[in-house]
Protein chains: 2
Amino acid sequence: MSTEKRIYKPKSIAGFPEWLPEERLVEQKWFDHIRRVFESYGFCNIETPSVEELDVLTAKGEVDKEIYVIERLHKDENDKKEARLALHFDQTVPMARYVAMNFNDLVFPFKRYQMQRVWRGERPQMGRMREFYQCDIDIINVDSLPISFDAEVAAVMYEVLEGLNIGRVQLRINNRKILMGFLQSQGVTDPDDIIKITRTLDKVEKIGEDEVLKIVENDFKDSDFNLASLLPALEIYLDVAPIYNGTEELMENTDFLRSAVKGVNENIVFHHGIKELGFVLDNLKHLPKHAVKGDLTIFRGLDYYTGTVYETQLLDVPEFTGSVCSGGRYDDLAGSYINKHLPGVGISIGFSRLFDVIKQKRPDLIKIGAKSPAHIMMVLPSEEERAHAHDTARTLRGRGYNVEVYHAARKIPDQMKYASKKGIPFVWFPFKDGHQVKDMNGGDQIPADAATWEIAT
Amino acid sequence: MSTEKRIYKPKSIAGFPEWLPEERLVEQKWFDHIRRVFESYGFCNIETPSVEELDVLTAKGEVDKEIYVIERLHKDENDKKEARLALHFDQTVPMARYVAMNFNDLVFPFKRYQMQRVWRGERPQMGRMREFYQCDIDIINVDSLPISFDAEVAAVMYEVLEGLNIGRVQLRINNRKILMGFLQSQGVTDPDDIIKITRTLDKVEKIGEDEVLKIVENDFKDSDFNLASLLPALEIYLDVAPIYNGTEELMENTDFLRSAVKGVNENIVFHHGIKELGFVLDNLKHLPKHAVKGDLTIFRGLDYYTGTVYETQLLDVPEFTGSVCSGGRYDDLAGSYINKHLPGVGISIGFSRLFDVIKQKRPDLIKIGAKSPAHIMMVLPSEEERAHAHDTARTLRGRGYNVEVYHAARKIPDQMKYASKKGIPFVWFPFKDGHQVKDMNGGDQIPADAATWEIAT
């Protein structure tokens, strides 16, 4: 009788990424860096549960198709009495709920960062991730929020992305009021029409100005505003939309708009937008020239943005399509949960997708190496010397080094091969007649003292 | 017409904990410390998806009542073709699956740590957490795994817990082979009987020796082994079970068992257990006296342990009932996923429950203070000096300090009040005629230079 084992061969689950230890080590470094920058600006961390009540998540009523609900495998009658729970699809809704719930315990302006997993029940064949990390910062205040924060969140994210060593990064910033005011001044006042036009303008980089104008013309053939004057106005608008040189160019270009297009100069929303965007660009002057670009065509999809909006391009990683890091200002996000006026501004990195693209497409930028966090592998010369080897390891650990003690008194070349396979850079020999250390990147084996040795820099 | 807002007042979800920023700041310090210790011993990190295929999770077939399944809110016909997914209830099953799947890419012995959320669909009225963090270390090897790792994981966890400053910690260690061999030598060979007796013996600390023996007597009235000789044997066993003074006492006590109880000396499993436990205790000699206790009654609930088992008590926090940190050695955990023999040893901290109990019951041990990670709040003296204030903040950030710039040129006492409310320890005044800094814990306001200033230690 054969006693064959039943093997359940598992496969990876589409959309739920998982990394090898050496990839995870780099991912951890990214997270550590991001956290360090966030905290250096005084953002505190919060974490919220992975789930919210389904009613909380669907309060905005637009993304319910992508939601994962959870339930107990063996649910019973009692489960029906409880609220239905679902995995959060972003960190903004949970944050809004958190701020509303803990309103009296928080100090405002509330500056928080959040780096958690989010879930979206996308169809897996689209190649999208269904579980991924986001890294968000937001600032929420009561009643009003100074525009200086709109500049700060952009500065923070530039510093974050620039520090990941993924080439040059460019934040593209706009203020929705500019385009909204401009369109209003041309007789476009229906919010649905505004959204439709802005989504079309957004494509100008891809399809060009002529194509964009053709689409608008076609979409609004039968509308009640004056298409004959709108189209040339939009043409002028698109011509001045990209702002490469900060506030001065913004002022020149928008002065031109005000003089060249009838009605614009009288629109107060347009003026507010210019003033706010001007302030933001002014306060990002300390960044390198390529770091910030004003772009009057950027609008972002989400309905709740009311002023500043951000997108971010990796200038040296064309493989990454779309924006790495996006966000904007909102007037009152927690308003559905609390009777307060809580404006905010926030920006978010789609972490896992960014990491995955760089890892796969640009291994030259991301150096995946060691499989272990150990700096040193301690040789075990013999079973009798085990206590001494462990003592030496403890001394080195006490001085901040990560030390793995080899587990068996094998031949020394075998032990060294293990260190090499794991990518551990130093091997330590705790010999009775004097300790030695070897730099595995081609160094000599030299005498060393665990109490004083330092990695040469 | 009144335009009253519809408010959806959210409440916290039972079993899904969430902390305030000042609590989270301490929780982050705990995580950082734990990670630092794990890495200092060369454990690499992995993360697995939050979900596994339901078939993977239920392969062991015992915990299915506690599993949360997930599904898309708007599922369609296509969803039925995909494998059913469920949130993992521990990190051991996912690790076993991970090791099997990535077998060819891992270097063995594979030493990994994992600090993720796990989910259990417990009935919430039991006051249990349904989402919580676990911090696990495990070492997996091919074919055989040296016993030295059984000592190492205990040493790591002692260092972890001792460093959390939650009072004295005691690891209680046993080897299942000792009790199994002992019971076998007394004619108890049915695994179910062994489990039943060990679960009863486990209660000796709570209910006392007499009560324990009474229960065994009652449970096995009608069994086919010799109860008349088993009961006095168990009485002797319980007398020598707690080992306070390491290997020497272990040897004395078990020598006594072998001479006093007939049949024990001939049992080879018993001998193996003693030898292994002796080695483990020997290799933990560097720890303080209270740190490790041998305890021959410890067995742990899980079926898959085959040798060393661990429990951990907080000696100074009686409010924490049960074991803070538990684990053991297993013969072949990944065997259901791959045709290899992969023994391992692991130990796990039930992080969130520990943190929650200490936070609530022992605020004297856990110092919850600042609501912000900022070391310094930068005063904004006037709107004109904004650029200078931000420049100064950048200088200090470049030197490793976390600096929040106050957002508006308010009266200085108002700005200082904000720093005080957030618990930021230093306030910086970037005055034109010379910078000053104030230690908010009662220090004077003294001249300072952002390029050289240090927090006095």
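For the structure, see preceding data.
S.K.: What is the right way to read helix α1 (residues 21-40) of chain B from this model?
M.R.: Residue pairs spaced three or four apart in an α-helix point in one direction, given the helix's 3.6 residues per turn. Residues and elements named next belong to chain B. Over its 20 residues, α1 extends 28 Å from the first C-alpha to the last, a length consistent with the 28 Å expected when each residue adds 1.5 Å. Of all 20 residues making up α1, 16 are buried, and the element is well covered by its neighbours. Gly42 lies just past α1 and shows a positive phi near 85°.

S.K.: What is the right way to read the interface of chain B and chain A from this model?
M.R.: At the interface, 106 residues of chain B touch 105 residues of chain A. Summed over both partners, the interface of chain B with chain A buries about 9,200 Å², with 53% contributed by carbon and sulfur atoms. Considering only the surface of chain B that becomes buried against chain A, Tyr8, Glu18 and Leu73 of chain B emerge as the three largest contributors, covering 8% of it. Where chain B touches chain A, the interface holds 14 salt bridges. Residues Lys111 of chain B and Glu404 of chain A are paired through a salt bridge, measuring 4.0 Å at the closest nitrogen-oxygen approach. Our count for the contact surface shared by chain B and chain A stands at 48 residue pairs in polar contact (both at pLDDT 80 or more). Residues that form the side of chain B that touches chain A fall into these classes: 45 nonpolar, 21 polar and 40 charged. In terms of strand pairing, strand β3 (residues 68-72) of chain A meets strand β3 (residues 68-72) of chain B through 5 bridges, oriented antiparallel. Across the sheet, residue Tyr68 of chain A finds its bridge partner in β3 of chain B, namely Arg72 of chain B.

S.K.: How should the packing of aromatic side chains be read in this particular structure?
M.R.: Here the distance between the centres and the angle between the planes together describe a pair of aromatic rings. Residues and elements named next belong to chain A. All chains considered together, the criterion is met by 42 aromatic pairs over all chains. Aromatic side chains Phe182 and Tyr237 sit 4.7 Å apart centroid to centroid with 45° between the ring planes, which places their arrangement in the tilted category. On the criterion of sequence distance, the pair formed by Phe182 in helix α6 (residues 176-185) and Tyr237 in helix α10 (residues 227-240) is long-range, its members being 55 residues apart. A relative accessible area of 0% places Phe182 in the buried class. Here a set of aromatic residues connected by ring pairs shows up, and it is made of Trp19, Trp30, Phe31, Tyr133, Phe351 and Phe355. In this structure, Lys196 packs its charged tip against the face of Phe220, placed 5.9 Å from the ring centre.

S.K.: Would you mind showing me how to read the pattern of salt bridges here?
M.R.: A side chain with one charge can pair with a side chain of the opposite charge if their charged atoms come near. With the rule as written, the count across this model stands at 65 salt bridges over all chains. The residue Glu311 of chain B makes a salt bridge to Arg300 of chain B at a minimum N-O spacing of 3.2 Å. Note that Glu311 of chain B is positioned in strand β10 (residues 305-314) and Arg300 of chain B in the loop between β9 (292-295) and β10, a separation of 11 residues in sequence. Through salt bridges with shared partners, a single ionic network connects Arg24, Glu27, Arg117 and Glu131 of chain A together with Glu47 of chain B.

S.K.: Explain the packing of helix α1 (residues 21-40) of chain A against α1 of chain B here, please?
M.R.: When two helices pack together, their arrangement is captured by the angle between the axes and the distance separating the axes. Close contact between α1 of chain A and α1 of chain B brings their axes to 15 Å; oriented N to C, the two are set at 145°. Of the two elements, α1 of chain A crosses α1 of chain B, and the hand of that crossing is left-handed. Judged by residue contacts, Gln28, Asp32, Arg35 and Glu39 of chain A of α1 of chain A engage Gln28, Asp32, Arg35 and Glu39 of chain B from α1 of chain B. Here the residues of the contact of α1 of chain A with α1 of chain B are counted per class, giving no nonpolar, 2 polar and 6 charged.

S.K.: Would you mind showing me how to read the relation of the copies chain B and chain A here?
M.R.: In summary, the two copies of the chain are related to each other by a rotation about an axis coupled with a shift along it. For the pair chain B and chain A, the best superposition has an RMSD of 0.0 Å and corresponds to a rotation of 180° with a translation of 0.0 Å parallel to the axis. Given the turn and translation reported, the copies of this chain are related as if by a two-fold rotation axis. Considering only C-alpha atoms, the residue of chain B closest to the rotation axis is Ile70 of chain B, which sits at 2.2 Å. A share of 98% of interface residues in chain B that are also interface residues in chain A marks the association as one of identical surfaces.

S.K.: Is there a simple way to explain unusual backbone geometry in this structure?
M.R.: Backbone phi values are negative for most residues with the exception of glycine, while trans is the configuration of most peptide bonds. Residues and elements named next belong to chain A. Between Phe108 and Pro109 the backbone carries a cis peptide bond, its omega angle lying at -5°. The phi dihedral of Asn165 is positive, around 55°, even though this residue is not glycine. Mapping Asn165 onto the fold places it in the loop between α5 (148-162) and β7 (169-175).

S.K.: Looking at this model, I keep getting lost on the sheet that holds strand β10 (residues 305-314) of chain A. Mind explaining?
M.R.: To summarise the sheet geometry, strands pair through backbone hydrogen bonds and adopt either a parallel or an antiparallel arrangement. All names here are of chain A. As summarised here, the arrangement of the 9 strands in space is β1-β5-β6-β12-β11-β10-β7-β9-β8, forming an open sheet in which the pairing is mixed. The open sheet is flanked by β1 (44-45) and β8 (242-243), the only strands paired with a single partner. The pairing of β7 with β10 spans 7 bridges and is classified as antiparallel. Its bridge partner lying in β10, Gln170 is registered against Gln313.

Conventions adopted
- Residues numbered from 1 in each chain as written.
- Chains lettered and ligands numbered in written order.
- Predicted model: local features only at pLDDT ≥ 70, side-chain atom pairs only at ≥ 80, totals over all residues.
- Heavy atoms only, no water.
- Helix = DSSP H or I, 4+ residues; strand = E, 2+ residues; numbered from the N terminus.
- Expected span 1.5 Å × (residues − 1).
- Buried < 20%, exposed > 50% of the residue type's maximum accessible area, 1.4 Å probe, protein only.
- Contact = heavy atoms within 4.5 Å.
- Buried area = accessible area lost by both parts, 1.4 Å probe.
- Salt bridge = Lys/Arg side-chain N within 4 Å of Asp/Glu carboxyl O.
- Polar contact = N/O pair within 3.5 Å; in protein donor to acceptor, adjacent residues only side chain to side chain.
- Nonpolar A, V, L, I, M, F, W, Y, C, P; charged D, E, K, R; others polar.
- Pairing = 2+ DSSP bridges.
- Phe/Tyr/Trp six-rings, centres within 6.5 Å; stacked < 30°, edge-to-face > 60°.
- Lys NZ or Arg CZ within 6 Å of the ring centre and 35° of its normal.
- Axes fitted to C-alpha atoms, helices over the stretch in contact; angles between N-to-C directions.
- Left-handed = near helix turned anticlockwise from the far one by under 90°.
- Least-squares fit on C-alpha atoms with pLDDT ≥ 70 in both.

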